[in-house]
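What follows is each chain in one-letter form.
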Amino acid sequence: MSTAAEASRATARPLVVMDKVNKHYGSLHVLQDIDLTINAGEVVILIGPSGSGKSTLCRTINRLETFESGAITIDGKALPEEGKELARLRSDVGMVFQSFNLFAHKTILENVTLGPIKVRGTKKADADKRARELLERVGVAHQADKYPAQLSGGQQQRVAIARSLAMEPKVMLFDEPTSALDPEMINEVLDVMVELAKSGMTMIVVTHEMGFARKAADRVVFMADGQIVEQATPEEFFTNPQSNRAKDFLSKILTH
């Protein structure tokens, strides 16, 4: 680890803390005593076989999924169950899904400015200016006046990232953001995410894109059967996995 990285670790500030979090779907124990701390500025990638609990973990962080026991704090504040406090906390947590969830009847620019104007009380002119800067950053500034249906999937997902960034979140959650995209569009979204990671954004990413995990992650968290089995730097994890589950998983995906 570089001295700069060591220094930043030494002053690490926990931003998202999951403490003994449990969740069931009926008799299925999908999250089992999850302990996970993500520091400010850290990029954590969740990987593992389908059904391992990765997306559920990601979605409990802003209470899109409820959980039965344990605690989650974001920047020192406990996650409220409902109401205005939850809405306020949610606005600090950006979320990018598999499906882009853009408002079909609003232009790209309106999609990005809606949250800051409605939730943050930003003036329209300021919101528009910031939105255009963000659309420029993700490479779709020229599409600002179009509607989502006029854009490719890759472009729509980049707009979804800009929309999340417009709220100036403390942390960004990505739940398999490229799994619904055609192969030729995946890299244009991953490139934006790599740039975001380099800029210091705290990110939690559920993905099957191992190349991206190697390139962008500070830490890889490997899940299986609702548990965190192991976590390590990408270099350590991909070259020297410790558990049999991880070895088995990697042998299946890295040979294709």
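Just so we're clear, the structure is a prediction, and the values are computed from it rather than from any experiment.

Visitor: Help me get a handle on the packing of aromatic side chains, residues and values and all.
Guide: Using the criterion set out here, one finds three aromatic pairs in the structure. Through successive ring pairs, a cluster of aromatic residues spans Phe222, Phe237, Phe238 and Phe249.

Visitor: Give me the lowdown on the pairing of strand S7 (residues 171-175), citing residues and values where you can.
Guide: Across the five residues that make up S7, a large majority, five, are buried. Along S7, one buried face is formed by Val171, Leu173 and Asp175 and the opposite face, lined by Met172 and Phe174, is buried too. Pairing geometry for strand S6 (residues 93-96) and S7, over four bridges, is parallel. Residue pairing across strands places Gly94 opposite Met172, the latter belonging to S7. Once the chain exits S7 it traverses helix H7 (residues 183-198) before rejoining the sheet at strand S8 (residues 202-206), and the crossover so formed is right-handed.

Visitor: Residues and numbers for the pattern of salt bridges, please.
Guide: A complete count under the given rule lists 16 salt bridges for this structure. Across the pair Arg59 and Glu65 runs a salt bridge whose closest N-O atoms are separated by 3.8 Å. Taking the shortest distance from any N to any O, the salt bridge between Arg245 and Asp225 comes out at 2.6 Å. One end of the pair, Arg245, is in helix H10 (residues 244-253); the other, Asp225, is in the loop between strand S9 (219-224) and strand S10 (227-232), with 20 residues separating them in the sequence.

Visitor: Can you lay out the UniProt feature "domain: ABC transporter" (unreviewed entry) in the protein for me, pointing to particular residues and giving the numbers?
Guide: UniProt marks residues 16-250 with the feature "domain: ABC transporter" (unreviewed entry), using the numbering shown here. As annotated, residues 16-250 comprises 38% helix and 26% strand, and the C-alpha atoms at either end are separated by 27 Å.

Visitor: Tell me about the layout of surface pockets, and name the residues and values.
Guide: Empty space within the largest pocket amounts to approximately 680 Å³. The wall of the largest pocket is formed by 25 residues, among which Arg90, Ser91, Val93, Val119 and Met167 lie closest to the centre. Listed by contribution, the elements that provide at least two residues to the lining of the largest pocket are helix H3 (83-90), S6, helix H4 (108-118) and helix H6 (153-165). Counting residues per element, the lining of the largest pocket draws most heavily on H4, at five residues.

Visitor: Kindly report on the nonpolar core, identifying the contributing residues and their values.
Guide: Soluble globular proteins: nonpolar side chains tend toward being buried together. Counting residues in hydrophobic clusters, the biggest one holds 51 residues, and the most contacted among them are Ile161 and Met203. Element by element, the count of residues in this core is highest for H7, at nine residues. Beyond its immediate stretch of four places on either side in the chain, Met203 contacts Glu42, Val43, Val44, Met172, Phe174, Met193, Leu196 and Ala197. By size, the runner-up hydrophobic cluster in this structure holds 28 residues, among which are Ile34, Ile72, Leu79 and Phe97.

Visitor: Give me the sheet that holds strand S2 (residues 28-39): which residues, what numbers.
Guide: Across the sheet, four strands lie side by side as S2-S1-S4-S5; this open sheet has antiparallel pairing. The open sheet terminates on both sides in strands that have one partner only, identified here as S2 and strand S5 (77-78). Where strand S1 (residues 14-25) meets strand S4 (residues 69-74), five bridges bridge the pair, whose relative direction is antiparallel. Among the inter-strand pairings, Asn22 is bridged to a residue of S4, identified as Ser69.

Visitor: Summarise H6; cite the residues concerned and give the values.
Guide: Spanning 13 residues, H6 covers 18 Å between terminal C-alpha atoms, matching the ideal 18 Å at 1.5 Å per step. Counting buried residues along H6, 13 of its 13 residues qualify, which places the element largely inside the surrounding structure.

Visitor: Tell me about the confidence of the model for the protein, and name the residues and values.
Guide: Across the protein, the average pLDDT comes to 90, with 95% of residues at 70 or higher. A low-confidence stretch, residues 1-8 (pLDDT under 50), is modelled with two contacts involving residues beyond four sequence positions or located in other chains.

Each value, and the rule that gives it
- Residues numbered from 1 in each chain as written.
- Predicted model: local features only at pLDDT ≥ 70, side-chain atom pairs only at ≥ 80, totals over all residues.
- Heavy atoms only, no water.
- Phe/Tyr/Trp six-rings, centres within 6.5 Å; stacked < 30°, edge-to-face > 60°.
- Buried < 20%, exposed > 50% of the residue type's maximum accessible area, 1.4 Å probe, protein only.
- Helix = DSSP H or I, 4+ residues; strand = E, 2+ residues; numbered from the N terminus.
- Pairing = 2+ DSSP bridges.
- Right-handed = clockwise from strand over helix to strand, strands pointing away.
- Salt bridge = Lys/Arg side-chain N within 4 Å of Asp/Glu carboxyl O.
- UniProt positions renumbered as here; feature names shortened; annotations may be inferred.
- 1 Å grid on protein atoms, 1.4 Å probe; cavity = no way out; pocket = protein on both sides within 12 Å on 5 of 7 lines; lining within 4 Å.
- Points joined across faces, edges and corners; volume = space filled by probe spheres on them.
- Core = buried A, V, L, I, M, F, W, Y, C linked by side-chain atoms within 4.5 Å.
- Contact = heavy atoms within 4.5 Å.
- Expected span 1.5 Å × (residues − 1).
- pLDDT = per-residue confidence, 0-100.

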